[in-house]
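Fold and contact review
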Amino acid sequence: MTRYIIRRILQAIPLLFIISLLLFVLMMNTGDPLATMGGRKPTRPEDRERLSRQLGLDKPLYIQYIYWLVGNDWAKIDMDGDGIAETPGSRKGVLRGDFGNSLVSRGKAVDDIIWERLPNTLILMIPAEIIVILISLLVGIYSALRQYSLVDHTVTALSFVGYSMPIFFIALVSMYIFGVNFKRWGLPYLPTVGMFDPKVGKTTEQIILHMVLPIFSMTVITAAGYSRFVRSQMLEVLSEDYIRTARAKGLPRRMVIMGHALKNASLPLVTIVGLDVPLLLAGAVVTESIFAWPGMGRLFIDHLSRSDTPVVMGILMMISVAVVFSQLITDIIYAWLDPRIRYT
Amino acid sequence: MQATAESEVIKLQEELKAEPLTPGQLIWLRFLRHKMAVFGVVMLFLLLLYSVGGAFVFTEAEANFTNTSIRLNPPSAEHPFGTDTVGRDILARTIYGGQISLLIGLFAVVVEVIVGVLIGALAGYYGGWIDSLLMRFTEAMFNIPQLFLLLVMAKFFGGKIPTLTVFGRSFSGSVIVIIMIIGLTSWMYLARIVRANFLSLKEREFVLAAHTTGTSHSAIIFQHILPNSIAPIIVSGTLSVANAIIAEAYISFLGLGVQPPTATWGNMLEGAYNYIETAPWLWIFPGSLIVLTVLSINFVGDGLRDALDPHAIVEVR
Amino acid sequence: MEPILELQNLEVKFYTLDGVVHAVNGVSYYVEAGKTLGIVGESGCGKSVSVLSVMGLIPDPPGKITRGKILFQGKNLLEYDDAQMESIRGAEIGMVFQDPMTSLNPVLTIGKQISEAMVVHKGVSQEEARQRAIEFLVMVGIPNPVERFNDYPHQFSGGMRQRAMIAMALSCSPDILIADEPTTSLDVTIQAQIIDLTKSLRDQLNMAVIWITHDLAVIADLADTVVVMYAGYIVEEADVYRLYENPLHPYTVSLLKSLPRMDSSRGNERLATIPGFPPTGTIVFPGCPFAPRCRYTMERCTMENPQLEYFEADHKVACWFDLENRRAR
């Protein structure tokens, strides 16, 4: 088992390098971060030249990648523009945990920027994921048990509608109904913007109130998809021979479903959830944009549109690492849960 | 004596059998039993009619015609879907937007299928280092969430492709860009399926037989093995159209997709949330059209998957 | 003696996209307490469907029991509701299935799967069920029962799994054991062991046994009475010795002839086979279902389906041709 884990980790490392290279090349060729650095006015040529030198943007691509990866404190930068590189750089590079500084938010470390926003995203995504899992299990199992009934058909149709919706549509609909119209009809309404009302302050109550609509929107879509999956897994398991054996023993229905069927049907769900978990870090880019939630998704868009490579790369690498490792962890958990793999 | 008796017996038994259904008939019948799939087909047909036929009612110029004096008007007799932030008729825009959105969806899938099938087939057929290389690459791309990759690539290609004129219509270069990047970020799943198919099929006798008769590799790939993997490709491709339409909607919504004045259902929603209270018609119409289209495609895809699944046991009441 | 289980004119149909499958057509048989009934026939002849009907395990849709009665200790099981059937299954009628690998839950221990029926039906505690399960493991001949209690199905060999299945079926000491081709997927040597095990358990517990197989060789050792099925009909029913000594139905004769025998005086003769293939259930026969493959077919056979009638005591057959006397009945 340990050998398997080590082998997987070793396989993951070149993968991450490839990913980082791919993304870096893409990022460095998109747009011009220096364009907005002059503030309101377009950047002056002499400033552009100076900034370009100081930020290392004048170096060829592969050098920039190397600096990004292992820092430049072992190399010298030409700070004063006299053509001679004399000042040692201050970056340690990604491999030593330094993602550099944002090109856009002057000098602020990427790490700080990300850590500021990360908790906000997690507050939104983790409850959403938990709710999704609970709902999908309930709906999926119920639907499978009542196959071909009216309830099943209705739920199936609704699930289809649910996951056919782009998230901004359901976000807008829910905002419209619960935010706008409730207000109009004098009912207690839900807020639609931001994480808390600045007039009231960042209280827990405020945050929870503001969480409702974004979580609702995300949950509907994801739960619709997952519940279909749970349903089809349950149906497949219920047609297996060992379920027939369990029934032949006269076990009560509930025991057959919960004790025998569910244990088998929920295994693949672990894989699916595992694949989703790293995306929790990414936040929902669109959801956060619509609800003006200050999270990682918004951060990504803001800095991408301004070509802030260090921040964008920081976010992307964080997500990629999370994806690669969560796949590994999911595989391990699955192997542990399934006795056929655990005891071989 | 035994042999002739056997064949006669079998003939007798065959005569007693009810007329068996051909595989094609079976697939068709199974598809039809999916009321939702049939509904999906009908709906798609109507939507196609709307987008294509509507072009005969409104011209493209009308769709892009701005008239700020009538901006943000609610639905009326003159403008059944209302007007947008610069006074353009929303009904006309949904028609032309539909054309672009559907176009993008379709062509992105064409790109995706070509790339995915090629990579999957080559990896599965040749194996060895080609397989390793291609699969490493596939995995790397697979591990980056699609939306993020799309956004980065959209930014990368943004503004680099000029407007094209095809069939007398001018298409903003961003349409081509969107088609390419959606296609180039969605092929990974298909490549995996095709590769798995090829890995299992290439050991089968009919392939070995083809080898011995000296059939070229490309002929084997395209004429022998590929037709046997058609079913999952069709299902996956169909569902991918839905994903492509949603992907386009997402990036256009975020401002990095197709640029105005070319309308798509996605970019019509951009900024609509600023007007939630005041002008819901801005997003209700294009949004609903997206949902209807995607829903119908999902129905059809689901129906196809069940119809083409050789293991499906179907009961009749 | 009053039979403990009796099927009367059972009819089961499956409604599929290919047509209606007439799986069981007016089948009647019975078994008495402590006796063994063997049901023999090729795949698709309806033998499994008939016993699944007894257990109430016919999937509905697409299956439907359209006619008949199933009397267990005098009461018609077809009138029982779910709760009543649940109390019968496992507790009073136990069943062993063909493929022990797929018939055992891969994520639960063997011990759990044996003991859970006891907890449900007999109300014993987990610990007591565990003790009893270990006793059953000993009874069915599984070595190291205490450790094996916590093992999973994939850690057992095929023969051991089948033994475990038997232990599971017997855990609540049912009155009837139904075994549906339990040895078909096992080696011949293991097969012999399982059959011996069944015989000794049957005698120990005084159970009625219904043993289903397509292999006539197995039945000789085990059964008191044998029923031969074809295409959902019973074509011959006899005391086991009678059947082997004097098979009356051409199908039975062919089945017996196709068994390789060590003492064969036929020497270098080829193995006799039955021409053609077993019918799929959507076919409707105008006459006797075996007619297309029978070497003694007469015109009457293709027009009228013979009924199962007494030839002599303990021996019924459904055939228009009198095999003994080589002429029509």
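Residues numbered from 1 in each chain as written. Chains lettered and ligands numbered in written order. Predicted model: local features only at pLDDT ≥ 70, side-chain atom pairs only at ≥ 80, totals over all residues. Heavy atoms only, no water.

Moving on, we get to the sheet that holds strand β7 (residues 176-180) of chain C. Residues and elements named next belong to chain C. Taken in spatial order, the eight strands of this open sheet run β6-β7-β8-β3-β9-β10-β12-β11, and their pairing is mixed. In this open sheet, the two strands that pair with only one neighbour each are β6 (93-96) and β11 (309-312). Each strand axis lies, on average, 20 degrees off the axis of its neighbour in the sheet, ignoring direction. Pairing of β7 with strand β8 (residues 208-213), which is carried by five bridges, proceeds in the parallel orientation. Looking at β8, one finds that Ile176 is bridged to Ala208. Against the sheet, helix α7 (residues 158-170) contacts β6 and β7, and its axis sits at roughly 170 degrees relative to β6. (Pairing = 2+ DSSP bridges. Helix = DSSP H or I, 4+ residues; strand = E, 2+ residues; numbered from the N terminus. Axes fitted to C-alpha atoms, helices over the stretch in contact; angles between N-to-C directions. Contact = heavy atoms within 4.5 Å.)

Moving on: the sheet that holds strand β1 (residues 5-16) of chain C. Residue and element names in this part refer to chain C. One open sheet holds the four strands; their spatial order is β2-β1-β4-β5, and the pairing between them is antiparallel. Two strands lie at the open edges of the sheet, namely β2 (19-31) and β5 (75-76), each paired on one side alone. Two elements, β1 and strand β4 (residues 63-72), share eight bridges in a ladder whose sense is antiparallel. Counterpart to Glu11 in the pairing with β4 is Arg67. Running over the sheet, helix α1 (residues 47-55) touches β1, β2 and β4 and is turned about 110 degrees from β1.

What the rule picks out here adds up to 17 aromatic pairs over all chains. Taking the centre distance of 5.3 Å and the plane angle of 65 degrees together, the rings of Phe24 of chain A and Tyr65 of chain A count as edge-to-face. In this pair, Phe24 of chain A is assigned in helix α1 (residues 2-28) and Tyr65 of chain A in helix α3 (residues 61-70), connecting sequence segments 41 residues apart. The pair formed by Phe24 of chain A and Tyr65 of chain A is uniform in burial state, with each residue classed as buried. Above the ring of Phe149 of chain C, the side-chain terminus of Arg130 of chain C is found at 5.4 Å from the ring centroid. Here the basic side chain of Arg300 of chain C rests over the ring of Trp320 of chain C, its NZ or CZ set 3.5 Å away from the ring centre. (Phe/Tyr/Trp six-rings, centres within 6.5 Å; stacked < 30°, edge-to-face > 60°. Buried < 20%, exposed > 50% of the residue type's maximum accessible area, 1.4 Å probe, protein only. Lys NZ or Arg CZ within 6 Å of the ring centre and 35° of its normal.)

Our focus in this paragraph is the nonpolar core. Trp68, Phe168, Val286, Phe300 and Ile315 of chain A together with Leu151 of chain B are the most contacted members of the largest nonpolar core, which has 131 residues in total. With 13 residues, the top contributor of residues to this core is helix α5 (residues 90-126) of chain B. Discounting chain neighbours no more than four positions away, the residues touching Ile315 of chain A are Ile114, Met296, Leu299 and Phe300 of chain A together with Phe148 of chain B. Within the second largest apolar cluster, 108 residues are counted, among which are Ile166, Tyr230, Ala238 and Tyr251 of chain C. (Core = buried A, V, L, I, M, F, W, Y, C linked by side-chain atoms within 4.5 Å.)

Right, let's talk about the pairing of β2 of chain C for a bit. Pairing of β1 of chain C with β2 of chain C, which is carried by ten bridges, proceeds in the antiparallel orientation. Bridge assignment links Lys13 of chain C to a residue of β2 of chain C, and that residue is His22 of chain C.

It is worth spelling out the environment of Pro261 of chain B at this point. All names here are of chain B. Turning to its location among the elements, Pro261 is positioned in the loop between α11 (230-253) and α12 (281-308). Relative accessible area serves as the criterion here: at 46%, Pro261 is assigned to the partly exposed category. Along the primary structure Pro261 and Phe65 are separated by 196 residues, whereas in three dimensions their C-alpha atoms are 9.2 Å apart. In contact with Pro261, other than residues within four places in its own chain, are Asn64, Arg88 and Arg93.

Residue and element names in this part refer to chain A. Taken together, the side chains of Ile6, Ile9, Leu10, Ile13, Phe17, Leu95, Val321 and Phe325 present a nonpolar region at the surface, about 670 Å² in accessible area. For the nonpolar patch, the elements supplying multiple residues, two or more each, are α1 and α12 (309-337). In this structure, Ile6 sits in helix α1. (Patch = residues over 30% accessible without salt bridge, like charges linked within 9 Å, V, L, I, M, F, W, Y side chains within 5 Å. Areas by Shrake-Rupley, 256 points an atom, 1.4 Å probe, with all protein chains shown as cover. Salt bridge = Lys/Arg side-chain N within 4 Å of Asp/Glu carboxyl O.)

Listed by partner, the interface residues are 49 residues for chain A and 41 residues for chain B. Buried area between chain A and chain B, both sides added, is near 4,000 Å², and the carbon and sulfur share of it is 80%. If you sort the residues of chain A by the area they bury against chain B, Phe160, Phe168 and Leu172 of chain A come out on top, with a joint share of 15%. At the surface where chain A touches chain B, the tally comes to one salt bridge. With a shortest N-O distance of 3.3 Å, Asp302 of chain B and Arg228 of chain A are connected by a salt bridge. (Buried area = accessible area lost by both parts, 1.4 Å probe.)

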